[in-house]
Amino acid sequence: MLIDEAFITVRAGNGGPGKVSFFPMRGGPDGGDGGRGGDLFVRANRQYTSLEAYTRKTKYVAEHGAPGASNRRKGRDGEPLYLSMPVGTLLRDIESGEEFELLRDGQEIKLCEGGKGGKGNDFFKSSTNQAPCQAQPGLRGQERRLKLIMRYIADIGLIGLPNAGKSSLLNKLTSARAKTANYPFTTLEPNLGVIAETGNVVADIPGLIEGASTGKGLGSRFLKHVEKVKVLVHCISAESTDPVTDYNTIRAEMENYNGELTRKPEVILVTKTDLTDAATLKKICTKMKKKNPAVHTVSIYDYDAIQALKTVLGRF
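Residues numbered from 1 in each chain as written. Predicted model: local features only at pLDDT ≥ 70, side-chain atom pairs only at ≥ 80, totals over all residues. Heavy atoms only, no water.

Colleague: Would you explain the overall build of the chain in this entry?
Modeller: From N to C terminus, the chain includes six helices and 14 strands. Burial status across the chain gives 48% buried among its 316 residues. For the chain, restricting intrachain contacts to residue pairs at least 6 apart in sequence, the fraction spanning at least 24 positions comes to 73%. As displayed, the chain has an accessible area near 15,600 Å², and 49% of this comes from carbon and sulfur atoms. (Helix = DSSP H or I, 4+ residues; strand = E, 2+ residues; numbered from the N terminus. Buried < 20%, exposed > 50% of the residue type's maximum accessible area, 1.4 Å probe, protein only. Contact = heavy atoms within 4.5 Å. Areas by Shrake-Rupley, 256 points an atom, 1.4 Å probe, with all protein chains shown as cover.)

Printed below as a string of structure tokens:
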């Protein structure tokens, strides 16, 4: 099962406390400052494809700074902590609402600042206080409670009602091996593939039905993956008895979830053309062109149609 959401608590290291100490012979203060706490970072790593690790462990703390030492020696700074997450992860601070987004492989974001080390008693000496017995504790590192939301970043997203042929099409366009069968909801999580000729990353977004935006079917889990897709390929089955209603259903769910989705570039693709006759196919295309003039047709058994579709998608 795809784990694409998680809740974690992250904290930078605390600063080390300052030292109260005096030179053995001459008696003056020699307490050093505490080390600074380690910062906490997140790093995008394309090798990560799930947030599963962050459901098993939910609290992360960077190393604390070491205490100051005698002879004015400063404590060692704490080591920073780096957390690797999939490209496309959105991190939302639950308390402040602040958001951070990992958009490219290797990108790093500092989430939490380490606490400053406390001053040792050597810092507090003066002409009127030559033997101070005070030192500061280190400051606490910054802490955040986060919701992690992983969203696939792809060039092309295949959307449509269940059993519209999206997974079969993904397998033909790319080297993906998505599960396919002749019944709805075969696909239980998004699948990715790359079109070798163009390098375009294609995502098969499953589970969209009427009511998806309010939690019906699987769509409430996967509509978020449409948000980062650059171009939508809206798959309409040639077997449909009402292709216009099918199209309007998915568009309404995207509008209800996030109106920006309906403003993305879109191609309408009539699939499974081998299962209908030429006259019926022409009628479907005529109807769909009233919704969007960019209408194309394909059968996974038609090599030329697949190659033509690759050319069309390569323009994006």
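Colleague: It is not clear to me how the packing of helix H4 (residues 243–257) against helix H5 (residues 278–289) should be interpreted in this structure. Could you clarify?
Modeller: Each pair of packed helices can be summarised by the angle the axes make with each other and by the distance between the axes. Direction vectors running N to C along H4 and H5 enclose 40°, while the axes themselves pass 9 Å from each other. Of the possible angle classes, the one that applies to H4 and H5 is oblique. For the pair H4 and H5, the sense of crossing is right-handed. In this structure, H4 uses Pro 243, Val 244 and Tyr 247 to contact H5, whose residues at the interface are Ile 284, Lys 287 and Met 288. Of the residues contributing to the contact of H4 with H5, the split by class is five nonpolar, no polar and one charged. (Axes fitted to C-alpha atoms, helices over the stretch in contact; angles between N-to-C directions. Parallel < 35°, antiparallel > 145°, perpendicular 65-115°, else oblique. Left-handed = near helix turned anticlockwise from the far one by under 90°. Nonpolar A, V, L, I, M, F, W, Y, C, P; charged D, E, K, R; others polar.)

Colleague: Could you clarify how one ought to interpret unusual backbone geometry in this entry?
Modeller: Phi is mostly negative for residues that are not glycine, and the peptide bonds are mostly trans. With a phi angle near 65°, Arg 72 is a residue other than glycine that sits in the positive phi range. Position of Arg 72 relative to the elements: it lies in the loop between strand S3 (59–61) and strand S4 (81–85). By relative accessible area, Arg 72 is classed as partly exposed at 42%. Non-glycine residue Asn 163 carries a positive phi angle of around 70°. For Asn 163, the position within the fold is in the loop between strand S9 (156–159) and helix H2 (166–173).

Colleague: Just to check I follow, could you spell out the sheet that holds strand S12 (residues 231–237) for this structure?
Modeller: Strand pairing in a sheet takes place through backbone hydrogen bonds and is either antiparallel or parallel in direction. Spatial ordering of the open sheet is given by S10-S11-S9-S12-S13-S14, a layout of six strands whose pairing is mixed. Both edges of this open sheet fall to strand S10 (191–194) and strand S14 (295–297), since each of them pairs with a single strand only. Taken over all neighbouring pairs, the strand axes of this sheet differ in orientation by 25° on average, direction set aside. As defined by bridge partners, S9 adjoins S12 across four bridges and the pair is classed as parallel. Note on S12: the bridge partner recorded for Ile 156 is Val 231. (Pairing = 2+ DSSP bridges.)

Colleague: How should the pairing of S12 be read in this particular structure?
Modeller: The buried fraction of S12 is high, at seven of seven residues. Alternating residues of S12 divide into Val 231, Val 233, Cys 235 and Ser 237 and Leu 232, His 234 and Ile 236, and every residue in both groups is buried. By the bridge criterion, six bridges tie S12 to strand S13 (residues 266–271) in an arrangement that is parallel. The partner of Ser 237 across the bridge, within S13, is Thr 271.

Colleague: Would you mind showing me how to read the packing of aromatic side chains here?
Modeller: To describe a pair of aromatic rings, one takes the distance between the centres and the angle between the planes. Applying the stated rule across the entire model yields three aromatic pairs. Ring plane angle 90° and centroid distance 5.2 Å describe the contact between Phe 123 and Phe 124, whose orientation is recorded as edge-to-face. The ring of Phe 23 carries Arg 26 above its face, with NZ or CZ at 3.9 Å from the centroid. (Phe/Tyr/Trp six-rings, centres within 6.5 Å; stacked < 30°, edge-to-face > 60°. Lys NZ or Arg CZ within 6 Å of the ring centre and 35° of its normal.)

Colleague: Looking at this model, I keep getting lost on the confidence of the model for the chain. Mind explaining?
Modeller: With 90% of its residues at a pLDDT of 70 or more, the chain shows a mean pLDDT of 88. Within the model, pLDDT remains below 50 along residues 212–218, and this stretch shows 19 contacts once partners closer than five positions in the same chain are excluded. (pLDDT = per-residue confidence, 0-100.)

Colleague: Which parts of the structure should I look at to understand the pattern of salt bridges?
Modeller: Side-chain pairs of opposite charge can arise whenever the charged atoms involved come near each other. Following the criterion strictly, the structure yields 26 salt bridges and no others. A salt bridge links Asp 33 to Lys 119; the nearest nitrogen and oxygen atoms lie 3.7 Å apart. Linking Asp 33 in the loop between strand S1 (5–11) and strand S2 (40–44) with Lys 119 in the loop between strand S7 (108–112) and strand S8 (143–150), this pair joins segments that are 86 residues apart in sequence. A residue is classified by how much of its surface remains accessible, and Asp 33, at 23% relative accessible area, is partly exposed. Judged by its relative accessible area of 29%, Lys 119 is partly exposed. Lys 110 is paired through a salt bridge with Asp 39; the nearest N and O atoms lie 3.5 Å apart. Of this pair, Lys 110 sits in strand S7 while Asp 39 sits in the loop between S1 and S2, placing them 71 residues apart in sequence. You can call Lys 110 partly exposed: its relative accessible area is 38%. Here the residues in one salt-bridge network are Arg 36, Asp 39, Lys 110 and Glu 113, joined through shared partners. (Salt bridge = Lys/Arg side-chain N within 4 Å of Asp/Glu carboxyl O.)

Colleague: When you look at the environment of Tyr 152 in this model, what are you seeing that I'm missing?
Modeller: Note that Tyr 152 resides in the loop between S8 and S9. Residue classification places Tyr 152 among the buried residues on the basis of a relative accessible area of 11%. Tyr 152 sits 75 residues away from Glu 227 along the chain, and the two C-alpha atoms are 8.4 Å apart.

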